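Listed below, chain by chain, are the residues.
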Amino acid sequence: MTKRIPVTVLSGYLGSGKTTMMNHVLQNNKDLRVAVIVNDMSEINIDAELIANGSGISRTEEKFVELSNGCICCTLREDLLQEVERLAKLGNIDYILIESTGISEPIPVAQTFSYLDEELGIDLTKFCQLDTMVTVVDAHRFWHDFQSGESLLERKEAVGELDERDVADLLIDQIEFCDVLVLNKCDLVSAEELERLERILRALQPEAKLIRTTNGVIDPADILNTGRFDFERVSESAGWLKELELGHENHTPETEEYGISSFTYKSKRPFHPMRFVEWCDQMPESIVRAKGIVWSARHQDVALLLSQAGSSAKIEPVSYWIAALPKAQQQDVFQQSPEVLEDWDEEFGDRMTQLVIIGIDLNREDIIKQLDSCLLTDEEFHNPWERLQDPFNWEWH
Ligand SMILES: Nc1nc2c(ncn2[C@@H]2O[C@H](COP(=O)(O)OP(=O)(O)OP(=O)(O)O)[C@@H](O)[C@H]2O)c(=O)[nH]1
């Protein structure tokens, strides 16, 4: 069997320094024949010029393939698959380095390398192996972008009119799904600010290797042939998920020194949907990331997922409560996952809220008090919940 070619994917918001880092790695990597795929949405492809002119590229025999009118995660998946397959079959390269566009989410890119594409009949897992998912964060712009409250559409950076993503959502997706987190442009930030930023990134992404850089100067061994990528492990690496699973074992006193902390709010009484939505709209600014499962009294069958990052907060149905499934199906779940019975309520089953809050200088007692005041009062609890106003009007089948 031929050896599978390792692949590193660079993600990171527009202008964070991906191209700069890629050039540095290409110039300083001595032993590997690296093929580069750059995926850029802009009409004038500056990345292409930079790489084409970069010294050392011809010396080290990199091949440059430019995907020019879409992004890896959506419109150009087909192109990417075909290009990677073609490069891999050529057989004269040792490594593939991909720079995805600043607005692409890493999960679909990683999926491209992890599963067979049935539509195109291309199975990249035969030729390559995802080795490292790198996310580059701009230390100078991070807070500005994260707290901007702007959408990609407003910044004219969206994939199309239907692209409703906020900048903060994209940044958090990129941070929460990676093996190596590069904090670039450290020259533009004070030492103290950098320390704080590093701590918050650690709280958001505790598993990835965190590396500070200036002008993308990184040891190529930190992002090539690291062998770090494991889909399941990376999928479970986000700080909010660790907090949910491990609770306080996850905390390091050192982090709390910088005012950064996290906790899980739990309740077995449902939220009044209107009051909860109002709270989400005016969350305290100290909250950097809130995510978790929510029990809303007006939505008895489905668990809701709240995902907040910066000033963007989204609530959507995520799955049926086990208690809302037909009895036979419930039995199947109990057999497969007996641990769900540990917290089972006689009347309400698995329905409960578990919300992770990560932030800076959080006033924990105050936030708990605010959330408690969104729960049904005794009177509301004993009256029919269907009469409560529904802020969402979702339709699902
Ligand atoms: N001061 C400073 N500037 C940097 C650093 N790294 C990159 N830059 C500059 O930041 C700008 C953007 O860098 P790029 O490497 O093009 O960023 P990118 O992530 O590839 O950008 P897109 O392809 O648009 O997503 C360039 O002008 C770089 O010279 C750094 O560490 N410090």
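None of the values given here were measured: they were computed from a predicted structure. (Residues numbered from 1 in each chain as written. Predicted model: local features only at pLDDT ≥ 70, side-chain atom pairs only at ≥ 80, totals over all residues. Heavy atoms only, no water.)

Participant: For this particular structure, what's the right way to read empty space enclosed by the protein?
Facilitator: The method is simple in principle: a probe with the dimensions of a water molecule rolls over the atoms, and the space it marks as empty is what remains. The full count for this structure, using the stated rule, is 1 cavity of 30 Å³ or more. By volume, the largest cavity amounts to about 40 Å³. Cys178, Asp179, Glu207, Ala208, Arg228, Arg233, Val234 and Ser237 are the residues that line the largest cavity. Taken together, the residues that form the lining of the largest cavity break down as 3 nonpolar, 1 polar and 4 charged. (1 Å grid on protein atoms, 1.4 Å probe; cavity = no way out; pocket = protein on both sides within 12 Å on 5 of 7 lines; lining within 4 Å. Points joined across faces, edges and corners; volume = space filled by probe spheres on them. Nonpolar A, V, L, I, M, F, W, Y, C, P; charged D, E, K, R; others polar.)

Participant: Teacher, can you tell me more about the pairing of strand E7 (residues 209-212) here?
Facilitator: The side chains of a regular strand alternate, residue by residue, between the two faces of the sheet. Here strand E6 (residues 180-184) pairs with E7 via 4 bridges, running parallel. For valine 180, the partnering residue across the bridge sits in E7 and is lysine 209. (Pairing = 2+ DSSP bridges. Helix = DSSP H or I, 4+ residues; strand = E, 2+ residues; numbered from the N terminus.)

Participant: What exactly am I supposed to notice about the side chain of glutamine 330 here?
Facilitator: Here glutamine 330 lies in helix H12 (residues 327-336). Apart from the residues lying within four places of it in its own chain, the contact partners of glutamine 330 are Ile322, Ala323, Ala324, Leu325 and Trp344. (Contact = heavy atoms within 4.5 Å.)

Participant: In this structure, what is going on with a negative patch on the surface? I would like to understand it.
Facilitator: Together, Asp230, Glu232, Glu236 and Glu245 give the surface a local cluster of negative charge. Its location among the elements puts aspartate 230 in the loop between E7 and helix H8 (231-235). Take aspartate 230: its relative accessible area is 37%, and that puts it in the partly exposed class. (Patch = residues over 30% accessible without salt bridge, like charges linked within 9 Å, V, L, I, M, F, W, Y side chains within 5 Å. Areas by Shrake-Rupley, 256 points an atom, 1.4 Å probe, with all protein chains shown as cover. Salt bridge = Lys/Arg side-chain N within 4 Å of Asp/Glu carboxyl O. Lys, Arg positive; Asp, Glu negative; His and termini not counted. Charge placed at Lys NZ, Arg CZ, Asp CG, Glu CD. Buried < 20%, exposed > 50% of the residue type's maximum accessible area, 1.4 Å probe, protein only.)

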